[in-house]
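So the chains spell out like this:
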2 protein chains.
Amino acid sequence: MRISDVARHAGVSPSTVSYVLSGKRSISETTRRRVKESIDALGYQPHAGARSLASRRSNVIALVIPLRGDVHVPVAMRFAVSVVTAARAHDHDVLLLTQGEGPDGLRRVSGSAMVDGVIVMDVEADDARVPVLRELDLPSVLIGVPEDTEGLTCVDLDFAAAGAACVHHLADLGHTDLAFVGQPPSVYERRTGFAERTTTGFERAAAERGVRATLHPCSPDTAHGLAEDLLRERPGLTGLIVHNEPSVGPLLESFAEHGRTPPELSVVAIGPVPPGAPPLTSVDLPAEEVGARAVGLLMDKIDGPGNPGVTLLEPRLTSRESTAPRA
Amino acid sequence: MRISDVARHAGVSPSTVSYVLSGKRSISETTRRRVKESIDALGYQPHAGARSLASRRSNVIALVIPLRGDVHVPVAMRFAVSVVTAARAHDHDVLLLTQGEGPDGLRRVSGSAMVDGVIVMDVEADDARVPVLRELDLPSVLIGVPEDTEGLTCVDLDFAAAGAACVHHLADLGHTDLAFVGQPPSVYERRTGFAERTTTGFERAAAERGVRATLHPCSPDTAHGLAEDLLRERPGLTGLIVHNEPSVGPLLESFAEHGRTPPELSVVAIGPVPPGAPPLTSVDLPAEEVGARAVGLLMDKIDGPGNPGVTLLEPRLTSRESTAPRA
DNA sequence: TTGAAAGCGCTAACAT
DNA sequence: ATGTTAGCGCTTTCAA
């Protein structure tokens, strides 16, 4: 089943069928209908390889997903799914690359013309893939923001603003003694953009508002110990900002064991609130929107010059039952 | 940069370069080396579209991932990553399809010759994609087992054996009153194979050993209530089997509030044990092995007749501190 | 508004 | 052991 079969069935030339499919030149309404009917009748589907050979377009984009232990998997998956959905809306498929393949994976899919562009997740401040992207002249969009963004297209939540929004929310409620519970230490050590920017925003806003504020990296298995430490060393603490979804549960339980529960201890989460947890005041991570934006920007780069630059989505803090004015 | 450039550089014909690359006919050692040097010197990479057009092989497989709320995402991700890794070892890339595309997605990637085969995850007993796979004559492997496996290739953990192994382990320790905490109700309602088979194995083994045994679907937000119910209604309960990773934590805490802690209350988990949790006796879900097997079987089907049938991997129960002889 | 035909870059059958 | 060459199925230029 190929394009010439459709052409014969519709009584037109192969090129006409091609143009009906691509819309790249005007076709009379009658011809178009006839061709479409033949396509449906025969169940024709163009051969992707032939198409990419002739048009130099594969209609596939690559998505590089993280597979580090310290990356919160459900969030990564939400990004991935939203990228696939958005890509399909632009008539593209998604090829999955793992972090493990690293720069070589990018070279491979680019050099073999398998993909028209690439979206890279979980970008670090000094990311080894960034120089490769610059060298490859492969359209790309980063989810996350490296240190040097020269010539790159990046999308992310404005994590600095998110960190600041939490401080302002708590400060507005009268809280003056805050702790920020962050990502696992390894995340900061490799200088992952989003984590760094959040703490920066937190610290800056805390300084601005003149509140006491401290930073505490945390992983789920150290959450309990951290809570104990804070209870002991920070008796005046009334505001907690948690940028670490899997630790929210353990942390709240540990505080609860000592009678410290929301909203007396006011808690703000950055990121999706786990189902089944008490409804927390939170800054949500709009993964769907970030994914869709990344795909949109990538399509612009594939089709034309694109809009290089950093797009930071405004965070939105949703006030729920876990925060209240200071007693 | 194309194959003829390499051929000229190496002083051979294009077909020789092709054969060096594919290994499909014998090449003298000297020629092979010369060609390889040229390939390296020029940084040649074959055009994937041209290759798939000429060879009728795309060297890409599709992976259909679930995106239901009730599927445990980190486990799904482990499968996905292991599939990508194994596929790369067989010189294939992986195209990501979401459940949302359903049967049409399969038809599309098959009809356009984008992929050589497909791996479908999270298969239900009566899965809408199974008839499509039968009709498409696209090589496929299912991770999971539907009701009618006629003509299909399936891989999975032997969940029935896993359920049974937990019963035998506890019965061997003298426990006679067991509860099985399962997946969210929706998972059973759509008759997901692995969930059903686990409970079947559990019930069969319990009957065999003559122990009291009950089934309890559960989601993270109902875990606490379920624990309360069990404490009230099952005072003699000393053995708990949990086939629901995200509920393990909440469940154990609820029991602990009433002084019931492992190993007095002996607990066996089916699935990966969350990091930071106490070391539980468990039957691990060998996602890496399942993924690698699925890819291996798919490659066999792509290259030849394959081995249709159901491959069930033997579960291995690892005894840890959460189980002990009945007091 | 449509058709004819020249490639796109590779593989594999055929030839030597 | 290697070379020649006819496609693979599509897009797009050129022509009408």
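Residue indices begin from 1 for each chain and proceed along its sequence in written order. The lettering of chains begins at A and the numbering of ligands begins at 1, in the order of writing. The predicted origin of the model limits local features to residues at a pLDDT of at least 70 and limits the giving and counting of side-chain atom pairs to 80 or more, whereas totals for whole chains, interfaces and linings rest on all residues. Here the side-chain values reflect all heavy atoms present in the structure, with hydrogen atoms and water set aside.

Colleague: Is there a simple way to explain a negative patch on the surface in this structure?
Modeller: Patch membership requires over 30% relative accessible area and the absence of a salt bridge. Like charges are linked within 9 Å, and nonpolar side chains (Val, Leu, Ile, Met, Phe, Trp, Tyr) within 5 Å. Surface exposure here means Shrake-Rupley accessible area, sampled with a 1.4 Å probe, where a residue is shielded only by the protein chains that are shown. Just to be clear on terms, a salt bridge is a Lys or Arg side-chain nitrogen sitting within 4 Å of an Asp or Glu carboxyl oxygen. For this count, His and the chain ends are skipped, Lys and Arg are scored as positive, and Asp and Glu as negative. Charged groups are reduced to one reference atom each: NZ for lysine, CZ for arginine, CG for aspartic acid, CD for glutamic acid. Among the surface-exposed residues, Glu-253 and Glu-257 of chain A together with Glu-253 and Glu-257 of chain B lie close enough to one another that they form a single negatively charged patch. Of all the secondary-structure elements, those providing two or more residues to the negative patch are helix H12 (245-257) of chain A together with helix H12 (245-257) of chain B. Working definition: helices are DSSP H or I runs of at least four residues, strands are E runs of at least two. Numbering for both runs from the N terminus. Inspection of the secondary structure puts Glu-257 of chain B in helix H12. The buried label applies to any residue whose accessible area, calculated with a 1.4 Å probe on protein chains only, is under 20% of its type's maximum; exposed applies above 50%, and partly exposed to all values in between. A relative accessible area of 58% places Glu-257 of chain B in the exposed class.

Colleague: What should I look at first to understand the UniProt feature "domain: HTH lacI-type" (unreviewed entry) in chain A in this one?
Modeller: UniProt positions are given in the numbering used here, feature names are shortened, and annotations may be inferred rather than shown by experiment. Sequence positions flagged by UniProt for "domain: HTH lacI-type" (unreviewed entry) are, in local numbering, residues 1-55 of chain A. Structurally, residues 1-55 of chain A comprises 71% helix and 0% strand, and the distance from its first C-alpha atom to its last is 20 Å.

Colleague: Hey, could you run me through the sheet that holds strand E10 (residues 281-283) of chain B in this one?
Modeller: Sheets are built from strands paired through backbone hydrogen bonds, the pairs being either parallel or antiparallel. Residue and element names in this part refer to chain B. Strands sit in the order E7-E6-E8-E9-E10-E12 across an open sheet of 6 strands; the sheet is mixed. Of all the strands in the sheet, just strand E7 (212-216) and strand E12 (317-318) have a single pairing partner and so form its edges. Bridge count between strand E9 (residues 266-270) and E10: 3 bridges; the pairing is parallel. From the neighbouring strand, Ile-270 faces E10, where its bridge partner is Val-283. This element, helix H8 (residues 159-172), spans strand E6 (177-181), strand E8 (239-242), E9, E10 and E12 of the sheet and lies at about 165 degrees to E9. Following DSSP output, two strands are said to pair if at least two bridges run between them. Residue contacts are defined here by distance: any two heavy atoms, one from each residue, within 4.5 Å place the two residues in contact. The convention used is that axes are lines fitted to C-alpha atoms, helices contributing only their stretch in contact, and that angles between N-to-C directions extend from 0 to 180 degrees.

Colleague: What exactly am I supposed to notice about the interface of chain B and chain A here?
Modeller: Many descriptions give the size of an interface as the accessible area lost when the pieces come together. Each side of the interface is counted separately: chain B has 35 residues, and chain A has 34 residues. When two parts are brought into contact, each loses some accessible area as probed by a 1.4 Å sphere; the total of that loss over both is the buried area. Summed over both sides, the interface of chain B with chain A buries roughly 3,200 Å², with 68% coming from carbon and sulfur. On the chain B side of the interface with chain A, the three residues burying the most area are Gln-45, Met-77 and Leu-96 of chain B, jointly 18% of the side's total. Applying the counting rule to chain B against chain A returns 4 salt bridges.

Colleague: What exactly am I supposed to notice about the pairing of E9 of chain B here?
Modeller: Regular strands place their side chains on alternate faces of the sheet. All names here are of chain B. The buried count for E9 comes to 5 of 5 residues, which makes it a mostly enclosed element. Neither face of E9 is open: one carries Ser-266, Val-268 and Ile-270, the other Val-267 and Ala-269, and all of them are buried. One ladder, built from 4 bridges, connects E8 with E9; its direction is parallel. Residue pairing across strands places Val-242 opposite Ala-269, the latter belonging to E9. Handedness of a crossover is defined as follows: orient the strands so they point away from the viewer, and if the path from the first strand over the helix to the second runs clockwise, the crossover is right-handed. Between E8 and its parallel partner E9, the chain crosses via H12, and the hand of that crossover is right-handed.

Colleague: Just to check I follow, could you spell out the pairing of strand E4 (residues 140-143) of chain B for this structure?
Modeller: All names here are of chain B. Because side chains alternate across E4, one face comprises the buried residues Ser-140 and Leu-142, and the other comprises Val-141 and Ile-143, equally buried. When strand E3 (residues 117-120) meets E4, the two strands line up parallel, connected through 3 bridges. Paired with Val-118 across the bridge in E4 is Ser-140. Direction of pairing for E4 relative to strand E5 (residues 153-157): parallel, over a ladder of 2 bridges.

Colleague: When you look at the protein's contact with DNA strand D in this model, what are you seeing that I'm missing?
Modeller: In these notes, residues near a molecule or strand are those with any non-hydrogen atom within 4 Å of it. Around DNA strand D, 27 residues are found, and the nearest of them are Ile-3, Tyr-19 and Tyr-44 of chain A together with Ser-26 and Thr-31 of chain B. Within 4 Å of the protein, the contacting atoms of DNA strand D are drawn from sugar and phosphate to the extent of 57%. We call two N or O atoms a polar contact when they sit within 3.5 Å, provided that within protein one can donate a hydrogen and the other can accept it, with sequence-adjacent residues counted only if both atoms are side-chain atoms. One nitrogen or oxygen atom from the side chain of Tyr-44 of chain A is found 2.3 Å from a phosphate oxygen belonging to DNA strand D. Between DNA strand D and Thr-31 of chain B there is a distance of 2.3 Å, counted from a phosphate oxygen to a side-chain nitrogen or oxygen. At 4 residues, the largest contribution of residues to the surface near DNA strand D is made by helix H4 (residues 48-55) of chain A.

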